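The lines below spell out each chain.
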Amino acid sequence: MGFQCGIVGLPNVGKSTIFNALTAAAIEAANYPFCTIEPNIGVVPMPDERLDILADLVKTRNKVSTQMEFVDIAGLVKGASKGEGLGNQFLGHIRQVDAIVHVVRCFEDTNIVHVDGSIDPVRDLEVISMELVMADLETVEKRLKKASSQAKSGDKKLIAEAAFLERLQIALAAGKPARVVEAENDPQQELLRELSLLSNKPVLYVANVSDDDLAEGNPFVDKLKESAAAEGASVVTIAGAIEQELSVLEVEEQQEFLADMGMEEPGLHRLIHAGYELLGLITYFTVGEKETKAWTISKGTTAPGAAGKIHTDFERGFIRAEVIAYNDYVACGSEAKARDKGVMRSEGKEYVVQDGDCILFRFNV
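### What about the overall build of the protein chain?
Step number 1: Helix and strand counts for the protein chain come out as 14 helices and 12 strands.
Step number 2: Looking at the protein chain as a whole, 47% of its 365 residues qualify as buried.
Step number 3: Put simply, of all contacts in the protein chain between residues at least 6 apart along the chain, 70% involve residues at least 24 apart.
Step number 4: With an accessible surface of roughly 18100 Å², the protein chain has 48% of that area assigned to carbon and sulfur atoms.

### Quick look at the packing of helix α4 (residues 121–151) against helix α7 (residues 219–230)
The axes of two packed helices give the description: the angle between them and the distance between them.
Step number 1: Packing of α4 against α7 leaves a shortest axis separation of 8 Å and a crossing angle of 40°. In terms of orientation, α4 and α7 fall into the oblique class. Where α4 abuts α7, its residues P121, V122 and L125 lie against F220, K223, L224 and S227.
Step number 2: Partitioning the contact of α4 with α7 into residue classes produces five nonpolar, one polar and one charged.

### Re the sheet that holds strand β5 (residues 99–105)
Step number 1: With mixed pairing, six strands are arranged side by side in an open sheet as β2-β4-β1-β5-β6-β7. Of all strands in the sheet, those with a lone pairing partner are β2 (40–45) and β7 (234–238), marking the two edges. Mean inter-strand twist for the sheet, computed between neighbouring axes without regard to direction, equals 25°.
Step number 2: Direction of pairing for strand β6 (residues 203–208) relative to β7: parallel, over a ladder of five bridges. Within the sheet, the bridge partner assigned to A207 lies in β7 and is T237.
Step number 3: Packing of helix α10 (residues 267–278) onto the sheet brings it into contact with β2, β4 (67–72), β5, β6 and β7, and relative to β7 it is tilted by some 165°.

### Focus on α10
Step number 1: Look at α10: 16 Å from first C-alpha to last across 12 residues, which is about the 16 Å you get at 1.5 Å a residue.
Step number 2: Every buried residue belonging to α10 is among G267, L268, L271, I272, A274, G275 and Y276, and all of these are buried.
Step number 3: Immediately beyond the C-terminal end of α10, within one or two residues, lies G280, with a positive phi of roughly 70°.

### Section: the layout of surface pockets
Step number 1: Counted as a void, the largest pocket has a volume near 890 Å³.
Step number 2: Contributing elements (two or more residues each) for the lining of the largest pocket: α1 (15–23), β2, α2 (49–58), α8 (240–247), α9 (251–261), α10 and β8 (281–286).
Step number 3: Grouping the amino acids of the lining of the largest pocket by side-chain chemistry returns 17 nonpolar, eight polar and 11 charged.

### What to know about the packing of aromatic side chains
Step number 1: Considering all chains together, one arrives at four aromatic pairs under this definition.
Step number 2: Centre to centre, the rings of Y284 and W295 are 6.4 Å apart; their planes meet at 15°, and the pair counts as stacked. Within this pair, whereas Y284 is found in strand β8, its partner W295 is found in strand β9 (residues 292–298), the two being separated by 11 residues in sequence. Judged on exposure class, the residue Y284 and its partner W295 are both buried.
Step number 3: Summarising the aromatic geometry, the rings of F318 and F361 are spaced 6.4 Å apart at their centres and angled 65° between planes, so their arrangement reads as edge-to-face. Here F318, found in strand β10 (residues 318–324), pairs with F361, found in strand β12 (residues 358–363); they are 43 residues apart in sequence, far enough to count as distant.
Step number 4: Given the relative accessible area of 7%, F318 is considered buried.

### Comments concerning the pattern of salt bridges
Step number 1: With the rule as written, the count across this model stands at 17 salt bridges.
Step number 2: Across the pair R143 and E194 runs a salt bridge, and its minimum N-O distance is 3.0 Å. One end of the pair, R143, is in helix α4; the other, E194, is in helix α6 (residues 186–195), with 51 residues separating them in the sequence.
Step number 3: The closest approach of N and O atoms between E277 and K299, which form a salt bridge, is 3.4 Å. Here K299 lies in the loop between β9 and α11 (303–310) and E277 lies in helix α10, a separation of 22 residues in the sequence.
Step number 4: Sharing partners across several salt bridges, the network here consists of R320, E322, E335, R339 and R362.

Cut-offs applied
- Residues numbered from 1 in each chain as written.
- Predicted model: local features only at pLDDT ≥ 70, side-chain atom pairs only at ≥ 80, totals over all residues.
- Heavy atoms only, no water.
- Helix = DSSP H or I, 4+ residues; strand = E, 2+ residues; numbered from the N terminus.
- Buried < 20%, exposed > 50% of the residue type's maximum accessible area, 1.4 Å probe, protein only.
- Contact = heavy atoms within 4.5 Å.
- Areas by Shrake-Rupley, 256 points an atom, 1.4 Å probe, with all protein chains shown as cover.
- Axes fitted to C-alpha atoms, helices over the stretch in contact; angles between N-to-C directions.
- Parallel < 35°, antiparallel > 145°, perpendicular 65-115°, else oblique.
- Nonpolar A, V, L, I, M, F, W, Y, C, P; charged D, E, K, R; others polar.
- Pairing = 2+ DSSP bridges.
- Expected span 1.5 Å × (residues − 1).
- 1 Å grid on protein atoms, 1.4 Å probe; cavity = no way out; pocket = protein on both sides within 12 Å on 5 of 7 lines; lining within 4 Å.
- Points joined across faces, edges and corners; volume = space filled by probe spheres on them.
- Phe/Tyr/Trp six-rings, centres within 6.5 Å; stacked < 30°, edge-to-face > 60°.
- Salt bridge = Lys/Arg side-chain N within 4 Å of Asp/Glu carboxyl O.

In structure tokens:
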């Protein structure tokens, strides 16, 4: 399973338009609430010029990008945590993803209705955030009731669990997301994973603007950035309409379009990169004439764990990793020359893989 980012927001903010552009999937995007009922899943290649450069160097026959999954989840409304607008169903979809991409409307268009009748990105942000918090509060209160009852037995583990759940309950009841409550040990971290709280997932905000506001932004974007900064979150500004136009063009036409718009790359590339950063992901490469491939791992992954992404046998029988940093590989031009110049390193089981590493794994099973 790939890493999944769930795209959420109020109805008619541009979620499906952005999803369509990401995946070129042509999912219906209509001007009425809940046009997206079942979540649509799109697998999106990670744009990375390093893969192209490495593949060209070795004249590879097959080039494989690493990927990110985006899930288009139906528009939430106020009261979703109580079942409004099919809310329970949609909140359940969010529970399955690794991170949340929250699309916020920062454009005015009289032809596209807003469920609350006006454009206010901070209000919209708070509506969604509060619904996630309220749904989590219900989850935590149910678990706390059970844990408190069991803790009467005097079991220290259950007493500690109930105490941590009480901390979560207090924060959530005050309208704060679960991620402000830090897990202090492994049992608490495991409990958080088990609960899969919606407001504990990392969040990236997307300001969806009109074409004219893409370069300079607007007061709506400014307000959104201020609110996001207060919770330590990032904002990516995108013009969904432009991105959808770009998505149906050939590569050369895209470049001409971008040049005309004064853009260096599609805004969706920034979104995908921001999603990787949000999830704490990095990329390493396996390079060869037969195939050059990018692989996604979490920051802090050791060499055997990275090998396991290719095949479990690689991890089980790991001997060593022969590593060339990306810049060294490009400077040398080939694996053989990198070896001759002494920039290919032999690393063991404790080595923490770095972003851009080009790796040849040695294993025996």
